[in-house]
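Listed below, chain by chain, are the residues.
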Amino acid sequence: MTSLGPAWPERAAWGTAPSLRAWQSAALTDYLARNPRDFLAVATPGAGKTTFALTVAAELLGRRLIDRLIIVAPTEHLKMQWAEAAARAGLPIDPTYSAGSGKISSDYVGVAVTYAGVGVNPLAMRIRTERFKTLVILDEIHHAGDSMSWGEGVREAFEPAARRLALTGTPFRSDINPIPFVTYAPGGDGVPTSVADFTYGYAEALSDHVVRPVLFLAYSGQMSWRTRAGDEVVASLGEPLTKDMTSQALRTALDPDGSWIPSVLAAADKRLSEVRRHIPDAGGLVIASDQDSARAYAKLLKQISGESATVVLSDEKASSKKISAFSENDSRWMVAVRMVSEGVDVPRLAVGVWATTTSTPLFFAQAVGRFVRARKRGEIASVFLPSVPNLLTFAAELEAQRDHVLKRRVSSDGDIFAAEEDLMNQANQGDAASDELEALPFEALGSEARFDHALYDGAQFGHEGEVHVGSDEEMDFLGIPGLLEPDQVSALLQQRQADRRRTRRPEAGDERAADTVAEVTTHEHLGLLRRELNSLVASWHHRTGQAHGITHAALRKECGGPAAAVANGDQLQKRIDRIREWAVRKTS
């Protein structure tokens, strides 16, 4: 596997020049030197995989190593987007072709199709592939394992291809279905893992200024809802809850008739206004769970910003045109269900709101990828999140490299917590009650939003206690300038947090001393301890590379407390003290 470090000084790594970026040039050089039949390029969303692939195609056509080109994309919109990009590169592609259509005009050098279209008639695509020396570009190749028909169809259709170039920004999947034309090799634990021919990760792209740094803004708050049995439940978003209660709390927060989502949308609009002071055409995207919610969020944004939002629904014929129009104009907001989660190129998107119940690592990586494409140096992406544990974990591990693992072998050697974690994961995945819950009647009664903390480069920044929406403490983070270098963002976050602490510190001689643990409520005390522990675990992850879950499991083992139960204050304090001891020992 080839990997690229910092950008070469003689190249414009962040894309201000028409020449290839450093990683694209290195990947092209590697490809042409080896001339492989199959090549898997893994590059973080926003890095420029399309440009790399079309350059490869142009080189192979120019050297007469191929005669025709087939591009396979996940969606109709992406198929059109590929055709437009290919036209700009001097490669005319027919995006209206469908399997079995017969010959195409001699004006074209190839066609663009979807994975679903290949699955409908793989034999017709195979015949076309066999007739010419064909290069097949498989965009977001992980989709080829989505179902038996897609995976088998892709394999049958393109097995005779002269060349196959697979692209993805997220090579991992949530299942163990093998991806066609991807090489798997035993990993360190003997488990088959996908092997990329060239990898360019988010951390490398960030150092090269190819992508933007991401500032995550997490919001918690109290939720109340009524279950199907008629029971009324009150819980705080972000507190340790069961899987079912976390799902119910999140659904309550995202209810457009409550107070949480309007408050978060208003905060996001304030953030967008600040960004637009430096980037006038910056846009925002709200990712919704369903069409009814999307329309409701658009109405709320109209009330908040005074400007109509673009609503993109997957079953609308004009959806692709709406995305293209939004990409080219300077309007403020777009609301979409899932259509803009992957591959869609809207470079001016700078602010996002996570308003969907979908929370898989794959979808998270794809969705956040919509905001990281850099156009000019110093741009920052801001994503507003519910304080849900798995989402915060994904945000903290944004820079982690992942590969597709076909299965996990539970062993007592090496990872001593592997067996426990596998059992917990199996229990969570097989929780039928939770799956059924999504389809049951549900009544959200009320919600309120509180700013929880900011998450940047794996570290948490925030103010002590719960922060009210609209407060000066919240504005410390919403008002961060839209153009800053990555190290400047960290320095500013630390400075604003320190300044706020100083202003809250009582002067010498005051009759009332600083609040003690005994003077705050129990839930405030527990909340402070949990935030401090999570911040320390995130810092430990960046120092050692150890996964958050492994660290928490090790702390539970050393300090006591059941793995699945809610820890009390004493247990949390012990874990905080222990991880501090680890840090001291590692430093010394």
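All values derive from a computational prediction rather than experimental measurement.

Draft legend 1. How the structure looks around the overall build of the chain. In terms of helices and strands, the chain carries 20 helices and 21 strands. Looking at the 588 residues of the chain, the share that counts as buried comes to 49%. For the chain, contacts bridging at least 24 residues in sequence account for 73% of all contacts bridging at least 6. For the chain, the computed accessible surface area is about 26300 Å², with 50% contributed by carbon and sulfur atoms.

Draft legend 2. Highlighting the nonpolar core. Core analysis: the biggest nonpolar cluster contains 122 residues, and Phe52, Phe216, Trp260, Tyr297 and Phe384 have the highest contact counts within it. In contact with tryptophan 260, other than residues within four places in its own chain, are Tyr219, Ser220, Met223, Leu237, Ala253, Leu254, Pro386, Ser447, Glu448 and Ala449. Membership of the second largest hydrophobic core comes to 24 residues, among which are Val113, Leu138, Ala157 and Phe181.

Draft legend 3. Broad picture of the side chain of threonine 44. With respect to the element layout, threonine 44 can be found in the loop between strand E2 (38–43) and helix H2 (49–62). Residue classification places threonine 44 among the buried positions, given a relative accessible area of 8%. Setting aside chain neighbours within four positions, we find threonine 44 in contact with Lys49, Tyr200, Gly201, Tyr202, Ala205 and Val211.

Draft legend 4. Representation of the packing of aromatic side chains in the model. One pass over the structure, following the stated rule, counts 12 aromatic pairs. Here the aromatic rings of tryptophan 354 and phenylalanine 364 are separated by 5.3 Å at their centres, their planes lie at 40°, and the arrangement is tilted. Within this pair, whereas tryptophan 354 is found in strand E16 (residues 349–355), its partner phenylalanine 364 is found in helix H12 (residues 361–368), the two being separated by 10 residues in sequence. When sorted by exposure, tryptophan 354 lands in the same class as phenylalanine 364, which is buried. Here the aromatic residues Trp23, Tyr31, Phe39, Phe52, Phe198 and Tyr200 are joined through ring pairs into a cluster of three or more. Residue placement shows arginine 155 over the ring face of phenylalanine 181; its charged tip is 5.7 Å from the ring centre.

Draft legend 5. Looking closely at the environment of leucine 123. Along the chain, leucine 123 falls in helix H5 (residues 122–131). Between the C-alpha atoms of leucine 123 and glutamate 156, which are 33 residues apart in sequence, the distance is 7.2 Å.

Draft legend 6. Broad picture of empty space enclosed by the protein. Applying the stated criterion to the full structure yields five cavities of 30 Å³ or more. Here the second largest cavity is characterised by a volume of approximately 80 Å³. In terms of lining, the second largest cavity is formed by Leu206, His209, Val211, Arg212, Pro213, Ala374, Lys376, Arg377, Gly378, Glu379, Leu484 and Pro486. When the residues that make up the lining of the second largest cavity are grouped by side-chain class, the tally is six nonpolar, two polar and four charged.

Draft legend 7. Fine view of the pattern of salt bridges. A full pass over the atoms with the stated rule returns 18 salt bridges. Between arginine 226 and glutamate 232 there is a salt bridge whose closest N-O contact spans 2.9 Å. The exposure class of arginine 226 is partly exposed, given its relative accessible area of 24%. On the accessibility criterion, glutamate 232 (56% relative accessible area) is exposed. Residues joined in a network through salt bridges with shared partners are Arg212, Asp281, Arg375 and Glu379.

Draft legend 8. Quick look at H5. Buried within H5 we find Pro122, Ala124, Met125, Arg128 and Thr129. An end-on view of H5 places all buried positions within 160° of arc, on one side of the element.

Draft legend 9. Expanded view of helix H3 (residues 76–88). Its 13 residues place the ends of H3 19 Å apart at the C-alpha level, agreeing with the 18 Å of an ideal helix rising 1.5 Å per residue. Trailing H3 by a residue or two, glycine 90 shows a phi angle of about 80°, which is positive.

Draft legend 10. Highlighting the confidence of the model for the chain. For the chain, the mean per-residue pLDDT works out to 79, and 76% of the residues sit at or above 70. Predicted confidence is poor over residues 1–18, with pLDDT under 50, and the contacts of this stretch with residues over four places away or in other chains come to 41 contacts. Contacts of residues 408–439 to residues separated by more than four positions or lying in other chains number 34 contacts, the stretch itself having pLDDT below 50.

Draft legend 11. Focus on the environment of leucine 206. Within the secondary structure, leucine 206 is located in helix H7 (residues 202–207). Its relative accessible area of 14% is what places leucine 206 among the buried residues. Put simply, leucine 206 and alanine 374 are 168 residues apart on the chain and 9.5 Å apart in space, counted from C-alpha to C-alpha.

Draft legend 12. Just the environment of alanine 83, in detail. Position of alanine 83 among the secondary structure elements: in helix H3. Measuring from C-alpha to C-alpha, the distance between alanine 83 and alanine 112 comes to 6.8 Å, with 29 residues separating the pair along the chain. Each residue touching alanine 83, except ones within four places of it in the same chain, is listed here: Ile93 and Pro95.

Draft legend 13. Looking closely at the packing of H2 against H3. Close contact between H2 and H3 brings their axes to 10 Å; oriented N to C, the two are set at 55°. Judged by the angle between their axes, H2 and H3 are oblique. Note that H2 runs across H3; the crossing there is right-handed. Only Trp82, Ala85 and Ala86 of H3 make contact with H2, whose side of the interface consists of Thr50, Ala53 and Leu54. Looking at the contact of H2 with H3, its residues break down into five nonpolar, one polar and no charged.

Draft legend 14. Region of the structure containing unusual backbone geometry. With a phi close to 50°, glutamate 140 is a non-glycine residue in the positive phi region. Inspection of the secondary structure assignment puts glutamate 140 in the loop between strand E6 (134–138) and helix H6 (148–158). Positive phi is not limited to glycine here, since phenylalanine 181 has a value of about 65°. Of note, phenylalanine 181 is situated in the loop between strand E7 (163–168) and strand E8 (183–186). The exposure class of phenylalanine 181 is buried, given its relative accessible area of 16%.

Draft legend 15. Just the packing of helix H9 (residues 260–278) against helix H10 (residues 291–305), in detail. At a minimum axis distance of 10 Å, the contact between H9 and H10 shows a crossing angle of 50°. As judged from the angle between their axes, H9 and H10 are oblique. Read as a crossing pair, H9 and H10 show a hand that is right-handed. Counting all contacts with H9, which are made through Ile261, Pro262, Leu265, Ala266 and Asp269, the residues of H10 involved are Tyr297, Leu300, Leu301, Ile304 and Ser305. Residue classes in the contact of H9 with H10 are distributed as eight nonpolar, one polar and one charged.

Draft legend 16. Fine view of the pairing of strand E17 (residues 381–386). Burial of E17 is extensive: six of the six residues sit out of reach of the surface. Burial along E17 is two-sided: Ala381, Val383 and Leu385 facing one way and Ser382, Phe384 and Pro386 facing the other are all buried. Pairing of strand E11 (residues 214–226) with E17, which is carried by six bridges, proceeds in the parallel orientation. Bridging from a neighbouring strand, phenylalanine 216 pairs with valine 383 of E17. Bridge analysis of E16 against E17 gives three bridges, and the strand direction is parallel. Directly across from valine 353, in E17, lies its bridge partner phenylalanine 384. After leaving E16, the chain enters H12 and then returns to the sheet as E17, a path that is right-handed.

Conventions we followed
Residues numbered from 1 in each chain as written. Predicted model: local features only at pLDDT ≥ 70, side-chain atom pairs only at ≥ 80, totals over all residues. Heavy atoms only, no water. Helix = DSSP H or I, 4+ residues; strand = E, 2+ residues; numbered from the N terminus. Buried < 20%, exposed > 50% of the residue type's maximum accessible area, 1.4 Å probe, protein only. Contact = heavy atoms within 4.5 Å. Areas by Shrake-Rupley, 256 points an atom, 1.4 Å probe, with all protein chains shown as cover. Core = buried A, V, L, I, M, F, W, Y, C linked by side-chain atoms within 4.5 Å. Phe/Tyr/Trp six-rings, centres within 6.5 Å; stacked < 30°, edge-to-face > 60°. Lys NZ or Arg CZ within 6 Å of the ring centre and 35° of its normal. 1 Å grid on protein atoms, 1.4 Å probe; cavity = no way out; pocket = protein on both sides within 12 Å on 5 of 7 lines; lining within 4 Å. Points joined across faces, edges and corners; volume = space filled by probe spheres on them. Nonpolar A, V, L, I, M, F, W, Y, C, P; charged D, E, K, R; others polar. Salt bridge = Lys/Arg side-chain N within 4 Å of Asp/Glu carboxyl O. Arc of directions from axis to C-beta. Expected span 1.5 Å × (residues − 1). pLDDT = per-residue confidence, 0-100. Axes fitted to C-alpha atoms, helices over the stretch in contact; angles between N-to-C directions. Parallel < 35°, antiparallel > 145°, perpendicular 65-115°, else oblique. Left-handed = near helix turned anticlockwise from the far one by under 90°. Pairing = 2+ DSSP bridges. Right-handed = clockwise from strand over helix to strand, strands pointing away.

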